[in-house]
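# Survey of secondary and tertiary structure
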Amino acid sequence: METPLTQHIQPGRGPLSLKEFENAGGFKGLHKALREMKPADVIFTVKGSNLMGRGGAGFPTGVKWGLVPQEAAGSGMKYLIANADEMEPGTFKDRYLLEGNPHQLIAGMIIAAYAIQAQKAYIFIRWAYKKAEAILRKAIAEAYEAGYLGENILGTGFNLDLYVHSSAGRYICGEESALINSLEGKRGIPRAKPPFPATSGLFGQPSVVNNVETLSWISHIIENGPQWFLDLSATGEGGTKLYGVSGRVKNPGLWELPMGTTVREIIEGYAGGMQDGYKLRGIIPGGASTDFLVESHLDIPMDYASVRSAGSRLGTGTMIILDDKTCPVKFVHNLIKFFADESCGWCTPCREGLPWAQKILESFEQGTAQPEDIGILEHLTRYMGPGNTFCAHAPGAMEPLQSGLKYFRDDFDRHINEKRCPWR
Amino acid sequence: MLSNHEREEILEETRLYPYPGAACIDALKIVQHHRGWISDEAIEDIAAELELSAAEVDSVATFYTRIYRKPVGRNVILVCDSPTCMIMGSESVYQYISDKLSIRFGETSADDRFTLLPITCLGDCDHAPALMINDDLHNNLTLGHIDEILEKYR
């Protein structure tokens, strides 16, 4: 089984130096792109691979790049931004790539910047990722020294500067337009779209924001071609995926597996199944903002289309397991409290609605919830659903709430009837 | 007034952007690094340096969770309160630290040694429960070795 993204990552050993990465053939895709391909050819190849954004939304990467005006560099500034603001509860995949193979990300960013003809690139990294930040800064310095960054890269006349920006907190900065505002030194509030960042992004210039895992793929796809990438997956969506499992399983962790590996294989095969004395009750498949899956979904493939048809989203592909000794209402309350805390406050439904939902959930835990509170929560899931808010934050929050009410309704009812949390 | 060190470090960051104001968050982090927190005076200092109004700088400072507009202790403990850590026992970790230091979330110990705050998912869920103290990540926590961890921070 091929594991292109993680093949050079070994636990207990630091990342490859630039020289080691180069000797392992890590820059082949970069040489090929800059020396043999036109920017439009790079975009065409990535489009052909069907690489979909690995940050959670799954937007086709090549299509995103194709929306950027194609004028050559020099006719006005364009920007590329790596979104390394990993903060989705339950998600720990980008940290692994940042700490484990920084040059893979940098090589991908140089190719991506060449494709859209960006002259400046930023890595927007979460403040808490101190080790990753130090590793990245060192790797970038190596890349400048070796002539992979700066002026006239590889003698091709292409120029690129790459900077690291360490954030100051707030989940919303993972949303690409909020990230752009934050990178401009402002409050991290999402922007109205259109215009999309591809035409008016950072500092009002055409910009592309891509996730770390997405960008880490680019040099591999250029080197080996789109068909190779498509053949890696189990179900045709292309590539491998970093899947993670956390919670009461025997062996929590992260694995690079063919896209479309089944939920069961990941949880039972790789994560070792549930710890003794614990039963599986629910699965949050890809971060806090994805609907619950339950036991009957164990045999679905973890790819975008299959998880969507099961009523959820692949998201980041890192699952949180809800066990039978954790109160589902408390679990949902934890998620909604997180979203309420992290609402940027810009639009009213999210700013007011999320704390309202949180207070109701708290009343369930305290045993003071009333029968009509179920209906109010259900109303709120629609009120803050897609299309009613400024960005995807509140609709994302509603996903585990609406599916929690669906799958764990009996547990909600018990809190009302028994006037207490049955798990306490 | 900004110290020479602060000014130099801020200037370094402004070079990464087309205009000085874009370095506002970097500047807040730099000044906080030197002074421990962001006072009203610090807001004024940064505003003057970056050609922004004090209100603009304050609006940014109060938005971000890792910018402290109140004094904090010499060490800041950030306990992850995300779902995986909750399942794996973060509440008892919090309770243990809270009892030991006699402070709750948002408070600073009487000797100014520790401030205790909650933090969103630290991205270390396969080693839950986790917490950060200052820049250091501590994971696979058990109540048995929390004392030992705290001892490292004076």
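Only a predicted model underlies this, so the values are computations on that prediction, with no experimental measurement involved.

Calculation notes
- Residues numbered from 1 in each chain as written.
- Chains lettered and ligands numbered in written order.
- Predicted model: local features only at pLDDT ≥ 70, side-chain atom pairs only at ≥ 80, totals over all residues.
- Heavy atoms only, no water.
- Helix = DSSP H or I, 4+ residues; strand = E, 2+ residues; numbered from the N terminus.
- Rg over C-alpha atoms; globule rule 2.2 N^0.38 Å.
- Buried < 20%, exposed > 50% of the residue type's maximum accessible area, 1.4 Å probe, protein only.
- Contact = heavy atoms within 4.5 Å.
- Lys, Arg positive; Asp, Glu negative; His and termini not counted.
- Charge placed at Lys NZ, Arg CZ, Asp CG, Glu CD.
- Buried area = accessible area lost by both parts, 1.4 Å probe.
- Salt bridge = Lys/Arg side-chain N within 4 Å of Asp/Glu carboxyl O.
- Polar contact = N/O pair within 3.5 Å; in protein donor to acceptor, adjacent residues only side chain to side chain.
- Nonpolar A, V, L, I, M, F, W, Y, C, P; charged D, E, K, R; others polar.
- Phe/Tyr/Trp six-rings, centres within 6.5 Å; stacked < 30°, edge-to-face > 60°.
- Lys NZ or Arg CZ within 6 Å of the ring centre and 35° of its normal.
- 1 Å grid on protein atoms, 1.4 Å probe; cavity = no way out; pocket = protein on both sides within 12 Å on 5 of 7 lines; lining within 4 Å.
- Points joined across faces, edges and corners; volume = space filled by probe spheres on them.
- Domains from an automatic or database assignment.

This paragraph deals with the overall build of chain A. Each helix and strand counted, chain A has 17 helices and 9 strands in total. Against the globule reference of 22 Å for 424 residues, chain A gives a C-alpha radius of gyration of 22 Å, in line with a compact fold. Counting only C-alpha atoms and orienting by the principal axes, one finds that chain A spans roughly 75 × 45 × 35 Å. Looking at chain A residue by residue over its 424 residues, the buried ones come to 63%. Restricting the contact set of chain A to residue pairs at least 6 apart, pairs at least 24 apart contribute 70%. Distance between charge centroids for chain A: 3 Å, based on 43 positive and 46 negative side chains.

With that out of the way, let us pick up the interface of chain A and chain B. If you look at the interface, chain A gives 51 residues, while chain B gives 38 residues. Around 3600 Å² of area is buried between chain A and chain B when both sides are counted, 59% of it from carbon and sulfur atoms. A per-residue breakdown of the area chain A buries against chain B is headed by A:Trp127, A:Ala168 and A:Arg187, which together make up 17% of the total. The tally of links between chain A and chain B comes to 2 salt bridges. Taken together, the connections running from chain A to chain B amount to 21 residue pairs in polar contact (both at pLDDT 80 or more). At the level of elements, β4 (158-166), α8 (176-183), β7 (253-258), β9 (318-323) and α13 (328-342) of chain A are the ones that each hand at least two residues to the side of chain A that touches chain B. Split by residue class, the side of chain A that touches chain B holds 24 nonpolar, 15 polar and 12 charged.

This structure, assessed with the given rule, holds 20 aromatic pairs over all chains. Plain terms: the ring middles of A:Phe21 and A:Phe27 are 5.0 Å apart, the flat faces sit at 85° to each other, and that makes the pair edge-to-face. Centre to centre, the rings of A:Tyr122 and A:Tyr163 are 5.5 Å apart; their planes meet at 50°, and the pair counts as tilted. You can see A:Tyr122 sitting in strand β2 (residues 120-125) and its partner A:Tyr163 sitting in strand β4, a full 41 residues away along the chain. Per residue, the accessibility class of A:Tyr122 equals that of A:Tyr163, and both read buried. Among the aromatic residues, those joined into a ring-pair cluster are A:Tyr79, A:Tyr122, A:Tyr163, A:Phe203, B:Tyr17 and B:Tyr19. Here A:Arg170 stacks its cationic end above the ring of B:Phe63, 4.5 Å away from the centre of that ring.

For the coordinates displayed, the defined rule picks out 2 cavities of 30 Å³ or more. Put simply, the largest cavity is a space of about 70 Å³. Counted by class, the lining of the largest cavity contains 9 nonpolar, 4 polar and no charged residues. Lining the second largest cavity, in full, are A:Gly90, B:Cys80, B:Ser82, B:Thr84, B:Cys85, B:Cys121, B:Leu122, B:Gly123, B:Asp124 and B:Cys125. The residue makeup of the lining of the second largest cavity, split by class, is 5 nonpolar, 4 polar and 1 charged.

This next bit is on the domain arrangement of chain A. All names here are of chain A. We note that the domain assignment places domain 1 (18-231), domain 2 (240-321) and domain 3 (328-418) within chain A. Distance from the C-alpha centre of domain 1 to the C-alpha centre of domain 3: 35 Å. Every contact between the two is made by 11 residues of domain 1 and, on the other side, 10 residues of domain 3. Regarding the contact of domain 1 and domain 3, the summed buried area is about 930 Å², with carbon and sulfur atoms giving 72% of it. Joining domain 1 to domain 3, the criterion identifies 1 salt bridge. The closest approach of N and O atoms between Glu342 and Arg170, which form a salt bridge, is 3.2 Å. Of the residues that constitute the side of domain 1 that touches domain 3, the class distribution is 7 nonpolar, 1 polar and 3 charged.

It is worth spelling out the side chain of A:Glu365 at this point. Residue and element names in this part refer to chain A. On the secondary structure map, Glu365 appears in helix α14 (residues 348-366). Under the relative-accessibility criterion, Glu365 is labelled buried at 7%. Side-chain polar atoms of Glu365 contact the side chain of Arg424, separated by 3.0 Å. Discounting chain neighbours no more than four positions away, the residues touching Glu365 are Val329, Lys330, His333, His415, Cys421 and Arg424.

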